[in-house]
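The residues making up each chain are set out below.
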2 protein chains.
Amino acid sequence: METVGTVVGALPRPGLRERKKQRTRDALVRAALELIATHGYERTTVDDIAEAVDVSQRTFFRYFASKEEVALFAPRLAESHVIDAVRARPPDEVPLEALRRAVLDSWDDINAAVEQLVPLELHMRVYRVIESTPALLAAHLRRAAELEEELARIIAERERLDVDADPRPRILLAAFGGVIRVTERLWSAGDDLGVDAMRDLMATYLDQLGPALAGNWRAG
Amino acid sequence: METVGTVVGALPRPGLRERKKQRTRDALVRAALELIATHGYERTTVDDIAEAVDVSQRTFFRYFASKEEVALFAPRLAESHVIDAVRARPPDEVPLEALRRAVLDSWDDINAAVEQLVPLELHMRVYRVIESTPALLAAHLRRAAELEEELARIIAERERLDVDADPRPRILLAAFGGVIRVTERLWSAGDDLGVDAMRDLMATYLDQLGPALAGNWRAG
DNA sequence: TGTCAACTGTCAGTGGCTGACATTAGCCTC
DNA sequence: GAGGCTAATGTCAGCCACTGACAGTTGACA
């Protein structure tokens with residue numbers, strides 16, 4: 001997308017123009033999240049956000065395709081980390097275990113990346129807004145579905161399977177993704193916020209996947 | 001919501017006013033689905049739909065909270081059938097089996113209910129539009145999440161568990177719902193449309209849930 | 001038949017989002 | 001380092017989903 005101009009390297013410090021763009025983008029995200037966390041999603045207008053950063057509304061829409069996109073900026077950051085983590089898993093691991101460890105192990109990286117943008121505390125407040133705002137939750141779930149598809153392909157490749165021929169990768173991801181979302185929701189609904197609490201919850205719940213599907217709960 | 005006026009019964013034929021309302025609602029749904037299937041969701045405006053039924057746009061919004069709501073009318077019809085079917089399952093069935101049979105067995109009822117409103121063929125065309133339209137898919141997924149929560153509560157009750165204490169009902173539904181959605185998506189993407197094809201696909205995929213979670217795929 | 005309540009239409013307005021066009025401001029070359 | 005190129009921005013006009021307020025119409029029911 002973005003050409004560098006000098007070398008293919010990538011490291012050389014970008015020009016003033018590029019730095020300005022980055023600053024504007026960051027400022028928009030920060031202002032948006034702050035406003036959304038404070039006043040709620042629907043009561044925050046795009047004009048509010050643009051004004052807070054002192055740019056025109058039109059400029060906002062040149063950085064983000066929609067108001068939803070800014071609000072979901074942090075969750076998107078997390079996704080790319082998970083994808084990388086899954087790709088980095090040793091190939092001898094069993095699929096479910098690879099997913100499980102990828103998510104749990106990349107947790108710290110994710111939080112560090114988020115914190116670089118906004119304070120974690122603000123991020124968590126936004127998260128609650130996401131879960132409680134229908135339009136936002138819908139967009140979040142749709143993105144989650146896309147991520148599942150992506151991960152299913154990665155898992156299929158790991159196992160040298162054809163995603164379209166063998167249903168197991170997609171089914172596994174459907175189940176796995178479902179559990180992740182359940183934990184997200186419960187975490188955001190509870191009082192015990194804090195990122196470690198969420199990781200623990202995920203670990204616990206993932207371990208319950210087998211038992212939940214198992215035949216007789218009453219016997220167990 | 002709607003009071004009957006005469007008896008609590010419900011059977012007595014509703015008055016003219018009520019019948020007129022029902023006719024308008026049906027006409028709006030039918031016109032909307034027809035237009036959406038033909039021209040796509042985004043290129044169908046609410047004004048188009050209202051005009052096709054010869055009512056004002058304002059009236060449309062008195063019947064439906066949003067344009068999405070009309071488009072997703074049929075899927076909603078299906079949901080209530082599934083809920084009833086799960087409730088009707090014998091209590092000695094294991095949870096996963098109860099869900100599985102409820103969905104598969106209520107299939108014919110669902111299709112009959114849908115057909116009473118619009119031809120199945122039209123319904124299937126709309127379904128493809130839903131899957132391929134981001135905004136609609138998002139709304140659909142959000143509703144699916146709500147349905148999962150509802151069913152999780154029902155299953156918990158069956159098993160005499162506290163949903164908030166035991167994670168298994170929600171986890172089970174997350175996995176189950178995930179598989180259902182995978183089949184919906186694959187079905188809508190393929191060429192072999194037809195409602196029976198979808199039920200068969202669901203049955204097959206649900207059977208793959210265990211194997212997908214099982215340890216080593218390569219061992220077979 | 002007249003009164004009440006529900007249903008509908010009209011109108012005005014908000015907010016998300018887009019295309020078109022003019023202006024500004026980095027960048028790069030000579 | 002002046003000038004041309006191009007990317008980034010602002011302004012403006014407009015579409016569409018959706019809502020509140022008010023007025024007119026039409027079933028319901030005594």
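Before going into details, it helps to say that this report is about the structure given with it.

Rules and cut-offs
Residues numbered from 1 in each chain as written. Chains lettered and ligands numbered in written order. Predicted model: local features only at pLDDT ≥ 70, side-chain atom pairs only at ≥ 80, totals over all residues. Heavy atoms only, no water. Patch = residues over 30% accessible without salt bridge, like charges linked within 9 Å, V, L, I, M, F, W, Y side chains within 5 Å. Areas by Shrake-Rupley, 256 points an atom, 1.4 Å probe, with all protein chains shown as cover. Salt bridge = Lys/Arg side-chain N within 4 Å of Asp/Glu carboxyl O. Lys, Arg positive; Asp, Glu negative; His and termini not counted. Charge placed at Lys NZ, Arg CZ, Asp CG, Glu CD. Helix = DSSP H or I, 4+ residues; strand = E, 2+ residues; numbered from the N terminus. Near = heavy atom within 4 Å. Polar contact = N/O pair within 3.5 Å; in protein donor to acceptor, adjacent residues only side chain to side chain. Nonpolar A, V, L, I, M, F, W, Y, C, P; charged D, E, K, R; others polar. Buried < 20%, exposed > 50% of the residue type's maximum accessible area, 1.4 Å probe, protein only. Arc of directions from axis to C-beta. Contact = heavy atoms within 4.5 Å. Axes fitted to C-alpha atoms, helices over the stretch in contact; angles between N-to-C directions. Parallel < 35°, antiparallel > 145°, perpendicular 65-115°, else oblique. Left-handed = near helix turned anticlockwise from the far one by under 90°. Core = buried A, V, L, I, M, F, W, Y, C linked by side-chain atoms within 4.5 Å. Least-squares fit on C-alpha atoms with pLDDT ≥ 70 in both.

Digging into a negative patch on the surface
Item 1. Taken together, Asp47(A), Asp48(A), Glu51(A) and Asp54(A) make up a surface patch of like negative charges.
Item 2. Along the polypeptide, Asp48(A) turns up in helix H2 (residues 46–53).

A closer look at the protein's contact with DNA strand C
Item 1. Inspection of the region around DNA strand C gives 23 residues, with Lys20(A), Lys67(A), Lys21(B), Thr59(B) and Arg62(B) positioned closest.
Item 2. In DNA strand C, the atoms that sit within 4 Å of the protein are 55% sugar and phosphate, with bases accounting for the remainder.
Item 3. Contact distances for DNA strand C include 3.0 Å between a phosphate oxygen and a backbone N or O atom of Arg17(A).
Item 4. When the residues that make up the surface near DNA strand C are grouped by side-chain class, the tally is 6 nonpolar, 7 polar and 10 charged.

Regarding H2(A)
Within an α-helix, residues lying three or four positions from one another point in the same direction, as the helix has 3.6 residues per turn.
Residues and elements named next belong to chain A.
Item 1. Buried within H2 are the following residues: Val46, Ile49, Ala50 and Val53. Considered in projection along H2, the buried side chains sweep an arc of 95 degrees and stay on one side of the axis. With respect to the buried face of H2, the exposed residues turned more than 90 degrees away are Glu51 and Ala52.
Item 2. Considering only its buried residues, H2 is in contact with helix H1 (16–39), helix H3 (57–63) and helix H4 (67–71).
Item 3. Count one or two residues on from H2 and you reach Asp54, which has phi positive near 65 degrees.

Observations concerning the packing of helix H6 (residues 95–105) of chain A against helix H10 (residues 168–189) of chain A
Residues and elements named next belong to chain A.
Item 1. Where H6 meets H10, the closest approach of the two axes is 11 Å, and the angle between their N-to-C directions is 30 degrees. Taken as axis vectors, H6 and H10 run roughly parallel relative to one another. Every pair of crossing elements has a handedness; the one defined by H6 and H10 is right-handed. Listed contacts from H10 to Pro95, Leu96, Leu99, Arg100 and Val103 of H6 are Leu172, Leu173, Phe176 and Ile180.
Item 2. Within the contact of H6 with H10, the residues separate by chemical class into 8 nonpolar, no polar and 1 charged.

Let's talk about the protein's contact with DNA strand D
Item 1. What surrounds DNA strand D is a group of 23 residues, the closest being Lys21(A), Thr59(A), Arg62(A), Arg58(B) and Lys67(B).
Item 2. Taking all atoms of DNA strand D within 4 Å of the protein, the share assigned to sugar and phosphate is 56%.
Item 3. Backbone polar atom of Arg17(B) to a phosphate oxygen of DNA strand D: 3.0 Å apart, as the coordinates give it.
Item 4. Measuring from a phosphate oxygen of DNA strand D, one finds a backbone N or O atom of Val46(B) at 3.2 Å.
Item 5. Breaking the surface near DNA strand D down by element, the ones donating at least two residues are H1 and H3 of chain A together with helix H1 (16–39) and helix H3 (57–63) of chain B.
Item 6. Taken together, the residues of the surface near DNA strand D break down into 6 nonpolar, 7 polar and 10 charged.

A short note on the nonpolar core
Item 1. Counting residues in each nonpolar core, the largest one holds 132 residues, and the members touching the most others are Val86(A), Leu151(A), Leu173(A), Val86(B), Leu151(B) and Leu173(B).
Item 2. The contacts of Leu173(B), once residues within four sequence positions are left out, are Leu99(B), Glu148(B), Leu151(B), Ala152(B), Ile155(B) and Gly178(B).

As for the relation of the copies chain B and chain A
Item 1. With an axial shift of 0.0 Å and an RMSD of 0.0 Å, the rotation relating chain B to chain A amounts to 180 degrees. Taken together, the rotation and translation describe the operation of a two-fold axis. Minimal C-alpha separation from the rotation axis in chain B is found for Ala175(B), amounting to 2.0 Å.
Item 2. With an isologous cut-off of 70% or more, the 100% of interface residues of chain B that recur at the interface of chain A puts this contact in the isologous class.

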